[in-house]
Amino acid sequence: MTKHYDQELDSGYTMTTVMAEAARCLLCHDAPCSKACPAHTDPAKFIRSVRFRNFKGAAETIRENNALGAICARVCPTEKYCQLACARCGIDTPIDIGGIQRFVTDFEQQAKMDILEKGPSNGLKVAIVGSGPSGLQAATTLLQKGYAVDIYEQQAKAGGYLTYGIPEYRLPNDIVDFEINRILNLGATIHYNTTIGQELTLAALKTSHDAVILAIGASQAKMLPMFENNAYTETAVDFLARVKTNQGHVTVPDNVLVIGGGDVAMDVATTLKLLNVPQVTDVVYETFSEFKASKKELEATQQMGVTIIDGYVPDSINDNTVTFKHRKINGQIQVQADKIILAVGQVADAAHLDLTLENNEVPFTGYQTTDPKVFVTGDIAQGDKTVVWAVQKGKEVAETIDAVLGGH
Ligand SMILES: Cc1cc2nc3c(=O)[nH]c(=O)nc-3n(C[C@H](O)[C@H](O)[C@H](O)COP(=O)(O)OP(=O)(O)OC[C@H]3O[C@@H](n4cnc5c(N)ncnc54)[C@H](O)[C@@H]3O)c2cc1C
Ligand code: SF4
């Protein structure tokens, strides 16, 4: 079957197959899967509800803990979180927790269930800079606790990398829009096209609000100096954002070189194949034994017909020809392409935000900065750089603010 960029690759469970998958759960007392979910989404509890066909109860459990449960169900690297801890790993294969969570949250959406509720006003007001998953979860938790919330977002749409990064074949736009709209409808005011540090200063937000959360993510692409101003080169996040914004309707030449070996590079390579680009070559710094991308992503990319060359580092560029040297042996290759996509990482842009970052993170644990009114969360706070961690940090920063301001 031909696959398309805007079709979710995994078709998900039916009522019959989800019940069969839930029936495999061993109903462990100590629930190792629940302990291994960074956001405490509590799979042991929601799978138990599914086994009793109580889908409403299952959805309530997910929402109690995770405002982005339908998104996490699709994008969580479950093999290193909940499913890694599943007791069935020792018997055959782990329970497909992400798949069951997806069925429940799809059911919730179709049944038009409205589980999130705003708390009675406590008269306090928080500004959130950035509307990625962490800013959105922080907004939800604060609204539930009775705070008024203003979100400031430099883009025209909310969601951060949910909206402008993760490709549609893994995370459909309608799922992202649905979860975001539900959070905004709880009562957050969002100011689009507003960059804090440019249109409005951090100092102004501190004056108008009781606390400010910086949830700015690592929203800029890293660039290698030799590729700067090269007419054939585009960064991975710019390319993915362009494809996502245009729902796959972009023109791409027939021969594309991708440079990078993380999950973002795999997303680019797979996206190119789904856009029917015949020749996609990915040159990777790491050797196969050192690969950064998950095994699942790497295998999927190879199955799509992407040529992966491992162990090479770019040495020079001449128009559309890149010369690479092998990192360990004495050898070099030249690759000529009609387009070059650079996937070598993302960085935070904290300019004008009075924030010192080391390796893209604040150099302290916890959420409150040395300025008692300013807090951080998401990818710039310490911890994994994933959506489910962004959710957990969003809840925790909101709870920290509540403890500091004494909102109750
Ligand atoms: C291509 C790609 C694929 C990924 N795939 C996965 C995956 O499958 N699973 C997974 O768990 N994680 C994945 N990730 C990682 C995940 O998306 C991030 O960890 C997560 O989005 C971080 O959330 P955040 O809220 O900290 O920041 P972001 O999502 O980066 O959002 C930050 C927001 O802040 C805004 N902003 C920044 N500066 C300012 C400013 N000065 N003023 C106003 N607004 C500002 C930005 O515009 C952006 O909307 C992927 C990332 C990428 C790039
Ligand atoms: S939120 Fe993610 S990590 Fe947590 S239980 Fe669900 S799929 Fe697993």
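The shown structure was predicted, so the numbers you read here are calculated from the model rather than taken from an experiment.

Some points on the overall build of the chain
Phase 1: Looking only at helices and strands, the chain has 15 helices and 15 strands in total.
Phase 2: Its C-alpha atoms give the chain a radius of gyration of 22 Å, near enough to 22 Å, the size a compact globule of 408 residues would have.
Phase 3: Judged by the C-alpha coordinates and their principal axes, the chain covers about 65 × 55 × 35 Å.
Phase 4: The burial tally for the chain puts 54% of its 408 residues in the buried class.
Phase 5: For the chain, long-range pairs separated by at least 24 residues make up 71% of all intrachain contacts whose partners lie at least 6 apart in sequence.
Phase 6: Only carbon and sulfur atoms are counted for the fraction: they give 49% of the accessible area of the chain, which is about 18,200 Å².
Phase 7: In the chain, the 36 positive side-chain charges and the 48 negative ones have mean positions that sit 5 Å from each other.

Quick notes on the UniProt feature "domain: FAD/NAD(P)-binding" (unreviewed entry) in the chain
Phase 1: Per the UniProt record, the feature "domain: FAD/NAD(P)-binding" (unreviewed entry) sits at residues 125–394.
Phase 2: Annotated as residues 125–394, this span is 28% helix and 24% strand, and its ends, taken at the C-alpha atoms, are 16 Å apart.

Brief notes about the sheet that holds strand β11 (residues 321–326)
Phase 1: Reading across the sheet, the three strands line up as β10-β11-β12 and stay open at both edges, with antiparallel pairing between neighbours. Strand pairing shows two members of the sheet lacking a second neighbour, β10 (312–318) and β12 (332–336), which therefore form its edges. In this sheet, adjacent strand axes meet at a mean angle of 25° when their direction is disregarded.
Phase 2: As defined by bridge partners, β10 adjoins β11 across six bridges and the pair is classed as antiparallel. The partner of Tyr-312 across the bridge, within β11, is His-326.

Some points on the domain arrangement of the chain
Phase 1: Under the domain assignment, the chain is made up of domain 1 (15–110), domain 2 (125–219 + 348–405) and domain 3 (221–345).
Phase 2: If you average the C-alpha positions of domain 2 and of domain 3, the two centres end up 30 Å apart.
Phase 3: Taken together, the contact between domain 2 and domain 3 spans 13 residues of the former and 13 residues of the latter.
Phase 4: Between domain 2 and domain 3, roughly 950 Å² of surface is buried when both sides are summed, and carbon and sulfur atoms account for 49% of that area.
Phase 5: Of all residues in domain 2, the largest losses of buried area upon contact with domain 3 belong to Tyr-164, Tyr-169 and Arg-170, amounting jointly to 47% of the total for that side.
Phase 6: In this structure, Arg-170 engages Asp-267 in a salt bridge whose closest nitrogen and oxygen atoms are separated by 2.8 Å.

Concerning the UniProt feature "domain: Dihydroprymidine dehydrogenase" (unreviewed entry) in the chain
Phase 1: The feature "domain: Dihydroprymidine dehydrogenase" (unreviewed entry), as given by UniProt, occupies residues 7–111 in the numbering adopted here.
Phase 2: Split by type, residues 7–111 is 56% helix and 0% strand. Its first and last C-alpha atoms lie 23 Å apart.

Brief notes about the nonpolar core
Phase 1: Counting residues in each nonpolar core, the largest one holds 63 residues, and the members touching the most others are Ile-71, Ile-128, Leu-142, Ile-213 and Leu-214.
Phase 2: If you tally residues by element for this core, the top one is helix α15 (residues 387–405), at six residues.
Phase 3: Three or more residues apiece are contributed to this core by two domains, here domain 1 (15–110) and domain 2 (125–219 + 348–405).
Phase 4: Setting aside residues up to four positions removed in sequence, Leu-214 forms contacts with Val-129, Leu-202, Leu-353, Leu-355, Val-374, Phe-375, Val-376, Thr-377 and Ile-380.
Phase 5: Formed by 24 residues, the second largest nonpolar core is a distinct cluster that contains Ala-265, Val-280, Ala-293 and Ile-341.

Things to note about the site of ligand 2
Phase 1: Taken together, the residues surrounding ligand 2 are Cys-37, Thr-41, Pro-43, Asn-66, Cys-72, Cys-76, Thr-78, Tyr-81, Cys-82, Ile-97, Gln-101 and Val-388.
Phase 2: The residue makeup of the shell around ligand 2, split by class, is eight nonpolar, four polar and no charged.

Section: the packing of aromatic side chains
Phase 1: In the structure shown here, the tally under the stated rule is three aromatic pairs.
Phase 2: Between Phe-288 and Phe-291 the ring centres are 5.3 Å apart and the planes differ by 25°, which places this aromatic pair in the stacked class.
Phase 3: Owing to a relative accessible area of 37%, Phe-288 belongs among the partly exposed residues under this scheme.
Phase 4: Here Phe-291 falls in the buried class, since its relative accessible area comes to 13%.
Phase 5: Taken together, Phe-55, Phe-103 and Phe-107 form an aromatic cluster joined through their ring pairs.

Notes on the sheet that holds strand β9 (residues 307–310)
Phase 1: Reading across from one edge, β6-β13-β7-β8-β9 is the order of the five strands in this open sheet, with parallel pairing throughout. Two strands bound the open sheet, and with one partner strand each, they are β6 (233–235) and β9. Neighbour to neighbour, the strand axes of the sheet diverge by 20° on average, direction disregarded.
Phase 2: Where strand β8 (residues 279–284) and β9 come together, four bridges link them in parallel fashion. Counted as the bridge partner of Val-283 is Ile-309 from β9.
Phase 3: The strands touched by helix α12 (residues 236–245) within the sheet are β6 and β13 (339–342), with β6 carrying the most contacts at an inclination of about 80°.
Phase 4: This element, helix α13 (residues 263–274), spans β7 (255–259), β8 and β13 of the sheet and lies at about 170° to β8.

A word on α13
Phase 1: The end-to-end C-alpha distance of α13, which contains 12 residues, comes to 16 Å, matching closely the 16 Å that a straight helix rising 1.5 Å per residue would cover.
Phase 2: Extensive coverage of α13 is indicated by the burial of 10 of its 12 residues.
Phase 3: Within α13 the residues assigned to the buried category are Ala-265, Met-266, Asp-267, Val-268, Ala-269, Thr-270, Thr-271, Leu-272, Lys-273 and Leu-274.
Phase 4: Where α13 is buried, its residues meet α12, β7, β8, α14 (295–303) and β13.
Phase 5: Of the residues flanking the end of α13, it is Asn-276, one or two places downstream, whose phi is positive at about 65°.

A word on the site of ligand 1
Phase 1: Around ligand 1 sit 35 residues, and of these Val-75, Glu-153, Arg-170, Asp-379 and Val-387 come closest.
Phase 2: One of the backbone N or O atoms of Gly-160 is found 3.5 Å from an oxygen atom in ligand 1.
Phase 3: Notes on ligand 1: free accessible area 1,000 Å², of which the protein chains cover 94%.
Phase 4: Those elements that provide at least two residues to the shell around ligand 1 are α8 (133–144), α12, α13 and α15.
Phase 5: Residue composition of the shell around ligand 1, by class: 16 nonpolar, 14 polar and five charged.
Phase 6: For the shell around ligand 1, the domains that each give at least three residues are domain 2 (125–219 + 348–405) and domain 3 (221–345).

Calculation rules
- Each chain has its residues counted from 1, running along the sequence as written.
- A letter from A marks each chain and a number from 1 marks each ligand, given out in the order of writing.
- The predicted origin of the model limits local features to residues at a pLDDT of at least 70 and limits the giving and counting of side-chain atom pairs to 80 or more, whereas totals for whole chains, interfaces and linings rest on all residues.
- Hydrogens and water molecules were not included; the side-chain quantities draw on all heavy atoms of the structure.
- Secondary structure elements are defined from DSSP: runs of H or I of at least 4 residues count as helices, runs of E of at least 2 residues count as strands, and each element is numbered from the N terminus.
- Radius of gyration here is computed from C-alpha atoms only, and the compact-globule reference equals 2.2 Å multiplied by the residue count raised to the power 0.38.
- Under the scheme applied here, a residue whose accessible area is under 20% of the maximum for its type counts as buried, over 50% as exposed, and between as partly exposed, the area being computed with a 1.4 Å probe on protein chains only.
- Only heavy atoms matter for contacts: two residues are in contact if any of them lie within 4.5 Å across the pair.
- Here the Shrake-Rupley method, with its probe set to 1.4 Å, supplies the accessible areas, and only the displayed protein chains count as covering residues.
- The charged-residue count follows a simple rule in which Lys and Arg add positive charge and Asp and Glu add negative charge, with His and chain termini not counted at all.
- For the purpose of locating charges, the reference atoms are NZ of Lys, CZ of Arg, CG of Asp and CD of Glu.
- UniProt positions are given in the numbering used here, feature names are shortened, and annotations may be inferred rather than shown by experiment.
- Any two strands with at least two DSSP-identified bridges between them are counted as paired.
- Axis definition: a line fit to C-alpha positions, over the contact stretch in the case of helices; interaxial angles, taken between N-to-C directions, run 0 to 180 degrees.
- Start and end points for every domain follow an automatic or database-based domain assignment.
- Summed over both partners, buried area is the accessible surface (1.4 Å probe) that two parts give up on being assembled.
- Any carboxyl oxygen of Asp or Glu that lies within 4 Å of a side-chain nitrogen of Lys or Arg is treated as forming a salt bridge with it.
- Think of a nonpolar core as a cluster: buried Ala, Val, Leu, Ile, Met, Phe, Trp, Tyr and Cys residues, connected wherever their side-chain atoms sit within 4.5 Å.
- By convention in these notes, a residue is near a molecule or strand provided one of its non-hydrogen atoms lies within 4 Å of it.
- Note on residue categories: nonpolar means Ala, Val, Leu, Ile, Met, Phe, Trp, Tyr, Cys or Pro, charged means Asp, Glu, Lys or Arg, and polar means any other residue, Gly included.
- Stacked, edge-to-face and tilted labels apply to pairs of Phe, Tyr and Trp rings (six-membered ring for Trp) whose centres lie within 6.5 Å, assigned for plane angles under 30 degrees, over 60, and everything in between, in that order.
- Each residue after the first adds 1.5 Å to the expected span of a helix.
- We define a polar contact as two N or O atoms separated by no more than 3.5 Å, with the added condition that, inside protein, one atom must be a possible hydrogen donor and the other a possible acceptor, whereas residues neighbouring each other in sequence contribute only through side-chain atom pairs.

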